[in-house]
Amino acid sequence: MKTAVIVFPASNCDRDAAMALEKVTGRKAEMIWHRETEIPSDIDFVVIPGGFSYGDYLRCGAIASRSPIVKDIVAKAEKGLPVAGFCNGFQILAETGLLPGALMRNKGLKFVCRPERLTIANGNSRYTSAYGNTKEVVFPVAHHDGNYYADDKTLNILEKEGRVIFKYADNPNGSARDIAGICNDHGNVFGMMPHPERAIDPLHGGTDGLTFFKSIIESI
Amino acid sequence: MTQAVEITSEIVAEHGLTEDEYKIILDRLGRSPNLTELGIFSVMWSEHCSYKSSRRHLGKFLTSGKRVIQGPGENAGVIDIDDGDAIIFKMESHNHPSYIEPYQGAATGVGGIMRDVFTMGARPIALMNALRFGEPSHPKTKSLVDGVVAGIGGYGNCVGVPTVGGETNFHKGYNGNILVNAMCVGLARTDNVFYSAAKGVGNPIFYVGSKTGRDGIHGATMASAEFDDDSDEKRPTVQVGDPFTEKLLIEACMELMATDAIIAIQDMGAAGLTSSSIEMADKGGVGVELNLDDVPQREDGMTAYEMMLSESQERMLMVIQPGKEQLAFDIFEKWELDVAQIGSTTDTGRLVLNHGGKIVCDIPIAPLADDAPNYDRPHIATPKRDEINADNIALSDLNKAVLDIMGSPDIASRRWIWEQYDRHVMTDTVDSSQSGGDAAIVRIHGTNKAVAITTDVTPRYCEADPYEGGKQCVAETWRNLTCVGADPIAITDCLNFGNPERPEIMGQFVGCIEGMNEACRAFDYPVVSGNVSLYNETNGQAIPPTPAVGGVGLIPDLDFYTTLAGAKKGDALLLIGETTGWIGSSLYLREIANMETGAPPPVDLEQEKKHGDYVRRLIRDRRVHAAHDCSDGGLMVAATEMALAADLGLNIQRPADSCAISGWYFGEDQARYLLAVDANSVNPILSTADSLGIKAQQIGTFGGNNLTSNDGLNIELSKVRTTYEAWFPKLMS
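Residues numbered from 1 in each chain as written. Chains lettered and ligands numbered in written order. Predicted model: local features only at pLDDT ≥ 70, side-chain atom pairs only at ≥ 80, totals over all residues. Heavy atoms only, no water.

**A closer look at the overall build of chain A**
Heads up, the condition is: Where helices and strands are cited, they refer to DSSP runs of H or I of at least four residues and of E of at least two residues respectively, numbered from the N terminus. Taken over C-alpha atoms, the radius of gyration is set against a globule rule of 2.2 Å times the number of residues to the power 0.38. Three labels apply to residues, based on accessible area from a 1.4 Å probe with only protein chains included: buried if under 20% of the type maximum, exposed if over 50%, partly exposed otherwise in between. Think of it this way: Lys and Arg go in the positive column, Asp and Glu in the negative one, and His and the chain ends go nowhere. One atom stands in for each charge, and that atom is NZ of Lys, CZ of Arg, CG of Asp or CD of Glu.
Each helix and strand counted, chain A has five helices and 11 strands in total. Taken against the 2.2 N^0.38 rule, which gives 17 Å for 220 residues, the C-alpha radius of gyration of chain A at 15 Å falls within 12% of a compact globule. With the principal axes as the frame, chain A shows a C-alpha extent of 40 × 40 × 35 Å. Put simply, chain A has 220 residues, and 57% of those count as buried. For chain A, the distance from the average site of its 25 positive side-chain charges to the average site of its 26 negative ones is 2 Å.

In structure tokens:
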């Protein structure tokens with residue numbers, strides 16, 4: 001099992017994501033610099049971490065989505081490579097079109113950081129299968145642009161196909177239909193604003209994030 | 001062009017230099033300075049850079065101790081936390097810019113303090129802030145709060161360093177001058193700390209980071225003068241921050257610091273290129289020659305004067321080991337930062353600047369630092385206030401008083417603020433402002449130990465009695481660290497005062513410092529870094545004296561710590577310390593009785609030490625479920641905060657032999673702690689306290705859904721919470 005974390009110049013959750021992956025797989029994650037052009041062929045799971053990639057002065061994730069390494073991620077994801085993006089990573093995946101919709105400025109127009117209760121909307125996905133009977137998890141959120149938007153048709157498809165994986169119990173940002181995390185139609189690409197890598201240690205206040213990573217790792 | 005300007009007395013005055021100061025310059029140079037040289041002297045001798053009114057008093061502080069690796073005088077203080085780990089920390093003010101341009105002022109304050117810390121080889125691991133705003137009803141307050149909080153969050157969140165705590169007060173004394181004090185704590189290895197003293201001759205000097213623009217010229221001079229009605233016109237002297245570049249700088253510097261390429265390094269803060277180059281040269285006893293044509297510039301046609309005085313952000317200066325130039329270039333280019341070799345060290349002891357093929361400055365370095373004015377400003381002590389007897393202060397409706405004080409500006413929940421700060425990034429935050437606790441707790445990455453961090457000062461005490469107030473602010477941070485089970489180690493300070501040329505203000509300054517120092521010595525709790533911000537006045541109205549203290553302590557083992565939260569049903573509430581009902585200068589007096597009078601509570605440092613050491617010992621013995629010190633609002637506010645944090649009701653029993661009721665509930669006697677402990681632990685804890693000569697008693701029991709007492713108090717906790725949470729959102733709506 002080999003995992004990788006993409007590092008943009010202003011990624012700031014890269015170390016946190018790597019820690020979570022190492023904790024679950026027992027093996028150090030490979031850190032892939034944004035100027036690389038290819039994901040090594042032996043990588044089984046890629047995480048695009050939170051942060052501000054290239055400063056996010058244009059639109060969150062917009063420049064990163066056009067970087068060479070992300071082009072290769074898109075190509076490999078379309079062939080089935082599991083890829084998850086958290087926070088800025090979700091914004092980047094939405095910008096690439098691998099995931100539908102867009103992340104707009106929070107409804108309250110302010111950055112919001114708090115532990116957030118999420119309901120598991122689809123417990124049978126590759127990212128939630130290990131949760132068993134658990135219906136609710138707590139992951140922290142920390143973002144300024146996490147207000148998920150897609151048109152009604154898209155939202156209906158997402159819900160119908162079970163691609164809404166997590167929903168907010170107390171919507172912190174105005175996201176459509178309380179959506180917190182979604183996957184693509186093949187279920188291998190996943191994105192959400194909350195941070196599962198910040199819930200892997202009792203000192204974080206909870207370990208719900210470990211089960212999240214366990215789910216996807218076990219599915220590979 | 002700069003040479004062509006004739007230096008008139010008007011130009012000298014515009015640079016904030018007195019006639020006497022200018023005479024010293026003429027004497028040291030043996031000629032008139034040109035405009036660039038005058039500008040350099042003026043910023044180096046500004047209050048902000050030279051500490052000319054404060055230096056002789058700062059020298060009184062205890063600055064050494066067994067864990068101190070570096071005290072004041074470097075970019076930040078360095079302490080040893082065992083196992084080869086060092087904590088590097090400092091607090092700094094960005095008051096003047098934040099009042100004029102709150103978002104950028106606060107953001108660049110955070111950026112500047114982070115640079116002070118990573119310059120020394122530490123990765124920033126936590127940010128704190130101490131904020132003071134004018135009265136809530138003042139027309140500017142809301143927009144200032146909004147801008148400052150967004151600026152702090154906007155910078156720290158992007159760089160990816162958690163903002164874990166702080167304090168916020170409101171008072172009309174800050175209507176014309178808000179205070180924005182930012183603190184950064186970083187982690188380094190004790191054998192890889194970097195200093196600013198340049199060494200050697202002919203060693204290359206590198207400029208790294210953002211390009212130099214015309215922003216912030218004379219920022220240091222602005223921060224050394226009072227405001228008046230036209231202060232908004234100073235907006236162009238406020239710098240603009242770029243957290244993205246800061247993030248790149250941190251990563252690039254960390255990468256270069258892992259090699260042996262750096263001889264000396266200094267960030268370009270106040271007075272930019274001038275102060276960084278001169279400080280490095282002065283500390284190392286060398287000269288510096290710079291080629292200003294090589295400085296990366298954002299705009300065309302910048303003069304030497306502008307380049308030397310620019311306060312463009314996110315810039316560093318370093319002396320590189322000869323032969324390592326390419327290594328440095330490669331790393332900075334990897335991180336896509338502007339980098340240039342702009343000069344070298346010399347053996348002349350002079351600062352020589354070349355620009356456009358001419359020498360535009362050639363001055364000796366020693367006088368810039370050594371001959372900086374060092375004033376013994378006249379000071380008169382603040383007159384003592386009368387004590388107020390709590391017997392004369394009525395408490396007619398306890399229920400209403402509790403609700404009123406929990407919903408008052410200085411007590412109400414700060415959720416509106418801290419939810420805008422990323423508190424969890426780096427995933428080592430154990431406790432933050434989220435719990436409303438006394439100190440933030442941040443784990444040392446990859447270990448089971450942690451640092452505890454707090455900021456505190458009670459300006460109303462400092463105003464009433466600078467000496468007692470000075471003792472109190474240090475003692476309160478020491479208590480806060482104790483409450484989470486940490487060994488307090490050292491402090492940084494940010495001394496915010498009015499115009500030092502007024503003897504009564506200087507009296508506040510001297511009084512506070514002497515009180516602080518007294519407490520530092522009593523606790524063996526040295527000052528390792530800090531900053532002085534004077535001239536916080538508008539139209540002759542000074543701020544209340546506000547020596548903000550940032551304390552750092554060590555939790556050696558995270559299996560033993562407490563927070564404010566954690567009381568369990570059936571737990572006893574213990575009060576450690578004497579309760580005399582000291583009501584003078586209390587928050588109750590101000591908020592409920594509408595009186596800002598009376599002597600503040602005296603601080604018995606011996607008692608503080610004894611009580612704190614006992615509480616820490618109980619925490620280490622795992623006897624304590626939750627701990628909180630009694631400060632603003634006395635034991636009633638502290639007890640209510642513990643109940644709210646545990647989401648558990650509390651029944652309080654005031655002893656029959658207690659002092660007056662208002663003083664018992666809301667008095668602010670010092671050296672007191674509230675502890676939630678298991679009912680079975682009560683007797684052993686009280687009897688040990690008794691044998692140590694410590695006053696301790698059970699004053700309540702946790703349980704139920706209400707706050708109740710034997711004086712008729714009975715409120716649903718949920719109602720208290722609503723009041724507590726409602727105030728801030730209402731202010732900002």
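Continuing now.
**Some thoughts on the sheet that holds strand β7 (residues 136-143) of chain A**
Residues and elements named next belong to chain A. Formally: Two strands pair if DSSP finds at least two bridges between them. Geometry is summarised by axes, namely lines fitted to C-alpha atoms with helices restricted to the contacting stretch, and by angles between N-to-C directions that run from 0 to 180 degrees. Any two residues having at least one pair of non-hydrogen atoms within 4.5 Å are treated as being in contact.
Strand order across the open sheet formed by nine strands is β2-β1-β3-β4-β11-β10-β9-β6-β7, with mixed pairing between neighbours. A strand with exactly one partner marks an edge of an open sheet, and here the two such strands are β2 (30-33) and β7. Between one strand axis and the next, the sheet turns through 25° on average, direction left out of account. The sheet strands contacting helix α1 (residues 14-25) are β1 (3-7), β2 and β3 (45-48), and the helix crosses β1 at an angle near 175°. Helix α3 (residues 88-96) rests against β3, β4 (83-86), β10 (179-183) and β11 (189-192) of the sheet, and its axis sits at about 120° to β4.

**Examining the sheet that holds strand β1 (residues 68-70) of chain B**
Residues and elements named next belong to chain B. Taking strand neighbours across the sheet as the criterion, the six strands line up as β1-β2-β3-β6-β4-β5 in an open arrangement whose pairing is mixed. In the strand order of this sheet, the two ends are held by β1 and β5 (163-170), each with one partner. Neighbour-to-neighbour, the strand axes of this sheet turn through a mean angle of 20°, independent of strand direction. Here four bridges tie strand β2 (residues 77-80) to strand β3 (residues 85-93), and the two strands are oriented antiparallel to one another. Within β3, the residue paired with I79 across the bridge is I87.

**Description of the packing of helix α19 (residues 503-523) of chain B against helix α21 (residues 605-620) of chain B**
When two helices pack together, their arrangement is given by the angle between their axes and by how far apart the axes lie. All names here are of chain B. Here is the rule we go by: Any angle that is under 35 degrees is reported as roughly parallel, and any over 145 degrees as roughly antiparallel; angles of 65 to 115 degrees are reported as roughly perpendicular and all others as oblique. Crossings are sorted by hand: turned counterclockwise from the far helix by less than a right angle, the near helix makes the crossing left-handed, and turned clockwise it makes it right-handed. For this classification, the nonpolar set comprises Ala, Val, Leu, Ile, Met, Phe, Trp, Tyr, Cys and Pro, the charged set comprises Asp, Glu, Lys and Arg, and every other residue, Gly included, is treated as polar.
Axis separation between α19 and α21 bottoms out at 10 Å; the angle between their running directions is 40°. As far as their axial angle goes, α21 and α19 are oblique. Where α19 crosses over α21, the handedness of that crossing is right-handed. On α21, the residues touching E518, A519, A522 and F523 of α19 are L605, E608 and K609. Residues of the contact of α19 with α21, tallied by class, amount to four nonpolar, no polar and three charged.

**So, the interface of chain B and chain A**
To keep it simple, the criterion reads: One speaks of a salt bridge when a side-chain nitrogen belonging to Lys or Arg is within 4 Å of a carboxyl oxygen belonging to Asp or Glu.
At the interface, 32 residues of chain B touch 29 residues of chain A. Counting the contacts that link chain B with chain A gives six salt bridges. Linking B:D146 and A:K110 is a salt bridge whose minimum nitrogen-to-oxygen distance equals 2.8 Å. Counting residues per element, the ones that place at least two in the side of chain B that touches chain A are α8 (141-159), α10 (243-257), α13 (325-334) and β14 (429-431) of chain B. In terms of residue class, the side of chain B that touches chain A is made up of 13 nonpolar, eight polar and 11 charged.

**Re the side chain of A:Q91**
All names here are of chain A. Formally: Polar contact criterion, stated in full: a pair of N or O atoms within 3.5 Å, where within protein one must be able to donate a hydrogen and the other to accept it, and residues adjacent in sequence count only if both atoms are side-chain atoms.
By secondary structure assignment, the location of Q91 is in helix α3. Within the local environment of Q91, its side chain forms a polar contact with the side chain of N88, the two groups lying 2.9 Å apart. When residues no more than four places from it in sequence are discounted, the contact partners of Q91 are D56, C60, L103, D145 and M193.

**So, the side chain of A:T128**
Residues and elements named next belong to chain A. Within the fold, T128 resides in the loop between β6 (112-120) and β7. Its relative accessible area of 0% is what places T128 among the buried residues. Beyond its immediate stretch of four places on either side in the chain, T128 contacts I120, N122, G123, I165, F166 and S215.

**Some words on the packing of aromatic side chains**
The test is simple: Pairs were defined over the aromatic rings of Phe, Tyr and Trp, the Trp ring being its six-membered one, requiring ring centres within 6.5 Å. Orientation was assigned from the angle between planes: stacked under 30 degrees, edge-to-face over 60, tilted for the rest. A ring is scored as having a charge over it whenever the NZ atom of a lysine or the CZ atom of an arginine sits within 6 Å of its centre and within 35 degrees of its normal.
Inspection of the entire model under this criterion finds 27 aromatic pairs over all chains. Residues A:F166 and A:F190 carry aromatic rings whose centres are separated by 6.1 Å and whose planes lie at 80° to one another, so their mutual orientation is edge-to-face. Here A:F166 is found in strand β9 (residues 164-168), whereas its partner A:F190 is found in strand β11, with 24 residues between them in sequence. A relative accessible area of 0% places A:F166 in the buried class. The class of A:F190 is buried, set by a relative accessible area of 0%. Above the plane of the ring of A:W33 lies B:K334, whose end atom (NZ or CZ) is 4.8 Å from the centre. Seen from the ring of B:W478, B:R616 lies directly overhead, with NZ or CZ sitting 5.1 Å from the centre.

**So, the environment of B:I685**
Within the secondary structure, B:I685 is located in helix α24 (residues 682-692). Separated by 70 residues in the primary sequence, B:I685 and B:V615 place their C-alpha atoms 9.8 Å from one another.

**A few points about α24(B)**
Residues and elements named next belong to chain B. In plain terms, the rule: The directions considered for the arc run from the helix axis to the C-beta atoms.
Burial in α24 covers these residues: V682, I685 and A689. What you see down the axis of α24 is that its buried residues fit within an arc of 75°, all on one side. For α24, the exposed residues set more than 90 degrees away from the buried face come down to N683, D690 and S691. If you follow the buried residues of α24, they end up packed against β22 (572-576), α21, β25 (673-677) and β26 (696-702).

**Things to note about the pairing of β4(A)**
All names here are of chain A. Short version of the rule: A crossover counts as right-handed when, viewed with the strands pointing away from the observer, the path leading from the first strand over the helix to the second turns clockwise.
Burial along β4 is two-sided: the residues V83 and G85 and A84 and F86 are all buried. Bridge count for β3 against β4 is three bridges, and the pairing is parallel. Residue pairing for β4: V47 is matched across the bridge by A84. Considered for its hand, the β-α-β crossover made up of β3, helix α2 (residues 68-78) and β4 is right-handed. Bridge count for β4 against β11 is four bridges, and the pairing is parallel. Bridging from a neighbouring strand, F86 pairs with M192 of β11.

**What about the environment of A:R15?**
Here A:R15 shows up in helix α1. In the structure, A:R15 is positioned 34 residues away from A:P49 in sequence and 8.8 Å away in space, judged by C-alpha atoms. In contact with A:R15, other than residues within four places in its own chain, are A:M31, B:M426, B:D428 and B:H445. Only 3.2 Å separates the side chain of A:R15 from the side chain of B:H445, close enough to count as a polar contact.

**Focus: the pattern of salt bridges**
The tally for this structure, following the rule as stated, stands at 65 salt bridges over all chains. For A:D201, the salt bridge is made with B:R443, and the minimal N-O distance between the two is 2.7 Å. Within this pair, whereas A:D201 is found in the loop between β11 and α5 (208-218), its partner B:R443 is found in strand β15 (residues 440-443), the two belonging to separate chains. Of the two residues, A:D201 and B:R443, neither departs from the other in class, the shared state being buried. Taken together, the shared-partner salt bridges connect A:R114, A:E116, B:R415, B:E419 and B:E725 into one network.

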